[in-house]
Amino acid sequence: MPELPEVEVTRRGITPALLHKKISKIYFSDKSLREPFSSDLYNLEGGYIQDICRRGKYIILVTDKGYVLIHLGMSGHLHVTDASEPIKKHDHFEIRTSDGSIVRLNDTRRFGLVKYFSVNNPPYENNPIKTLGPEPLTDLFNREYLFEKLRKYKKDIKQTIMDNKVVVGVGNIYASEVLFISKIHPEKKANTLSREQCSILTENIKDVLSKAILQGGTTIRDFEGADGKLGYFVQNLMVYGHDGEKCRKCGHIIKKITQGQRSTYFCPHCQKL
C-alpha cells in the first residue's frame, strides 16, 4: 500500500496538471472500487480546481463545485497523461482539464476510493478524515503530544505509531525504520516510553518521512509517482526486508517477527527490549 511519502509525492506530481485548471470532463468505469462511483462526480464538470491537499494517505481535490477524496488503496496510482494515451484496463477514474491535461487513477486490485463531497459538506468534517490524528510533519506532532497520547496505549509501540488516530501516515515500512533509528524495540509497550524516547521518536519520524518524500517514496510494491517513475527510498532502508542479514550499525543479524499480521524487522542488539 502506498504510504504517506508516496501519497505526498503523488500529490506534488499531479498538482501542475490540475491546479487552477477548469475541469472539462469526468470519467469513471462501471466497476466499483472500495465504494461504488457516484454520479455526483459529474457535478465537478465546469468547475475550477482551487487546491490539491493531502490529509494522511488521502488526496483532496478542492474545487468551486465540491471536493474529491481519493485514496490509492493497495495498488492504485495516479498518473498524468493526455488524450493520445488510450484508457487502459485498470484505469477506473479520470479528470480531464480544458487545456488537455488528464489525470487517471489506475487501480488493479480496486481497493482505492474516489468520493465526492459537496461544497457545503467538506470531507474534513466527515469520516474517514475527521477521526485522523495529527500530521507527522507539522508542529502539532511533538514530544509532549506523543508522550501524553502514548500513556493511554498498552499496545506495542510499533502498532501504536501505525494507528492513524495517534499520528497519520506512519505505515509498516517506515514504522520499522524509525524504531530502528530510534533504538526502540518494536514490542516495547507504548505507555512505557519516556519523554526523551518520545522526543527521539517524533524527530526520527519527521526525518525519515521527509527524506522519503524528497527521494520519491519507495519501490516496495512497485510504487510509481505521477510521472510513472519508481521511488528510490528503498535504497536507504536499514532493516525492512533485511531479515537474516547483518545490521549495518552493529553487525548482528536482523530479525523478523509478526505484529498485528504485519511483518516487523529489527536488530535485537541495537533495539533492546
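Nothing here was measured: the structure is a model prediction, and the numbers come from that model.

Draft legend 1. Seen up close, helix α4 (residues 172-181). For α4, a buried count of 9 out of 10 residues is recorded, marking the element as mostly surrounded by other parts of the structure. Taken as a whole, α4 has its buried residues at Asn172, Ile173, Tyr174, Ala175, Ser176, Glu177, Val178, Leu179 and Phe180. Contacts from the buried residues of α4 go to α1 (4-18), α3 (157-161), α5 (195-214) and β10 (262-266). In the segment just after α4, Lys183 is the residue with positive phi, at about 60°.

Draft legend 2. Representation of the sheet that holds strand β1 (residues 23-28). A sheet is described by the order of its strands in space; here 4 strands give the open sequence β1-β6-β7-β5, paired in antiparallel fashion. The open sheet is flanked by β1 and β5 (77-81), the only strands paired with a single partner. Between one strand axis and the next, the sheet turns through 15° on average, direction left out of account. Where β5 lies against strand β7 (residues 102-106), 5 bridges are found, and the strand directions are antiparallel. If you follow His79 over to β7, its bridge partner there is Arg104. Relative to the sheet, α1 contacts β5, β6 (91-97) and β7, its axis offset from that of β5 by approximately 30°.

Conventions used here
Residues numbered from 1 in each chain as written. Predicted model: local features only at pLDDT ≥ 70, side-chain atom pairs only at ≥ 80, totals over all residues. Heavy atoms only, no water. Buried < 20%, exposed > 50% of the residue type's maximum accessible area, 1.4 Å probe, protein only. Helix = DSSP H or I, 4+ residues; strand = E, 2+ residues; numbered from the N terminus. Contact = heavy atoms within 4.5 Å. Pairing = 2+ DSSP bridges. Axes fitted to C-alpha atoms, helices over the stretch in contact; angles between N-to-C directions.

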